[in-house]
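Breakdown of the fold
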Amino acid sequence: MTSAPSVRQPVHTRLVEGFGTVAITPVDPAADSALIHSWVTQERARFWGMGEASRELVQEIYEDVDRRTTHHAFMVSRDGERVALFQTYDCAEDRVSECYEVQPGDVGVHLLIGPTEGAAERGFTGALMAAFIAFVFSDDAARRVVVEPDARNTKAIARLERTGFVLGPEVVLPEIDLPEVYLPAKPARLAFFDAPAGR
């Protein structure tokens, strides 16, 4: 994890009791691509699917995301230190829509926690998950968070269950092969988190 001022301003900040201030800032592809590249090419990030990507390709991918209105990427900081990459997307405009019946207000998310130095901090991921869920549901149109981790990523699936996600079926996300983006087919496990009642 690393500290660095972001070129862009946070779109959401949340003080998490006993954890610190979490700030969610849109990815700046040029400014953030080197850090993102250093994260996604590590073995621990193998399920992210960018292990062989060059820094230039990482920047191109996030420039493509930056141009879209349906997909968004964010750098996440804790007390000024960049600790995670968080992405949201409109499920109806994503390949996941071919795998289940999308409902109005479904918001897909991806999360990559940055590498840490030293021993893992108890409660770290859970605190970030709480901040991310609060961010998604700060949009009144959002009704449900949808995730589709790699079906082989048992640690991530267990983490989602502990957070309160309800597991859905295993599916195969179809291959996407377009000039601007290529995504191989992926075995995935769907999981869902409903908006709190009466928010």
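From a predicted model like this one, the values you see are computed outputs, not experimental measurements. (Residues numbered from 1 in each chain as written. Predicted model: local features only at pLDDT ≥ 70, side-chain atom pairs only at ≥ 80, totals over all residues. Heavy atoms only, no water.)

1. Some thoughts on the overall build of the chain
Along the backbone of the chain there are four helices and 11 strands. Relative to the 2.2 N^0.38 estimate, which gives 16 Å for 199 residues, the radius of gyration of the chain is 16 Å and therefore close to what a compact globule would have. Each principal axis of the C-alpha distribution contributes one length, and for the chain these read about 45 × 40 × 30 Å. Per-residue burial over the chain gives 45% buried out of 199 residues. Partitioning the intrachain contacts of the chain with sequence separation of at least 6 by distance along the chain shows that 60% fall at a separation of at least 24. (Helix = DSSP H or I, 4+ residues; strand = E, 2+ residues; numbered from the N terminus. Rg over C-alpha atoms; globule rule 2.2 N^0.38 Å. Buried < 20%, exposed > 50% of the residue type's maximum accessible area, 1.4 Å probe, protein only. Contact = heavy atoms within 4.5 Å.)

2. Comments concerning the state of the cysteines
Under the counting rule described, the total for this entry stands at zero disulfides. Here Cys-91 is not disulfide-linked; the sulfur of Cys-99 is the nearest cysteine sulfur, at 11 Å. (Disulfide = S-S within 2.5 Å.)

3. Considering the pattern of salt bridges
Counted according to the given criterion, the structure contains 11 salt bridges. In this structure, Arg-55 and Glu-56 form a salt bridge, with 3.8 Å as the shortest nitrogen-oxygen distance. Of the residues examined, Arg-55 reaches a relative accessible area of 29% and is grouped as partly exposed. A salt bridge links Arg-68 to Asp-64, with the nearest nitrogen and oxygen atoms 2.9 Å apart. (Salt bridge = Lys/Arg side-chain N within 4 Å of Asp/Glu carboxyl O.)

4. Notes on helix α2 (residues 55-67)
Between the first and last C-alpha of α2 there are 19 Å, a value that for 13 residues agrees with the 18 Å anticipated at 1.5 Å per step. Of all the positions in α2, only Val-58, Gln-59, Tyr-62, Asp-64 and Val-65 are classed as buried. Of the surrounding secondary structure, the elements contacted by the buried residues of α2 are α1 (29-40), β4 (71-78) and β5 (81-90). (Expected span 1.5 Å × (residues − 1).)

5. Observations concerning the side chain of Asp-94
Among the structural elements, Asp-94 can be located in the loop between β5 and β6 (106-113). Here His-71 takes part through its side chain, which lies 2.9 Å from a polar atom of the side chain of Asp-94. Filtering out sequence-adjacent residues up to four positions away, Asp-94 remains in contact with His-71 and Tyr-89. (Polar contact = N/O pair within 3.5 Å; in protein donor to acceptor, adjacent residues only side chain to side chain.)

6. Side note on the nonpolar core
Ranked by size, the top nonpolar core spans 30 residues in total, and within it Val-76, Leu-128 and Phe-165 carry the most contacts. Secondary structure elements with two or more residues in this core: β3 (20-26), β4, β5, β6, α3 (124-137), β7 (144-147) and β11 (186-194). Broken down by element, the residue count for this core peaks at 10 residues, all from α3. The contacts of Val-76, once residues within four sequence positions are left out, are Val-22, Ala-23, Ile-24, Glu-81, Arg-82, Val-83, Ala-84, Phe-86, Leu-128 and Phe-132. Counting residues in each nonpolar core, the second largest holds 16 residues, with Leu-35, Tyr-62, Ala-73 and Leu-85 among its members. (Core = buried A, V, L, I, M, F, W, Y, C linked by side-chain atoms within 4.5 Å.)

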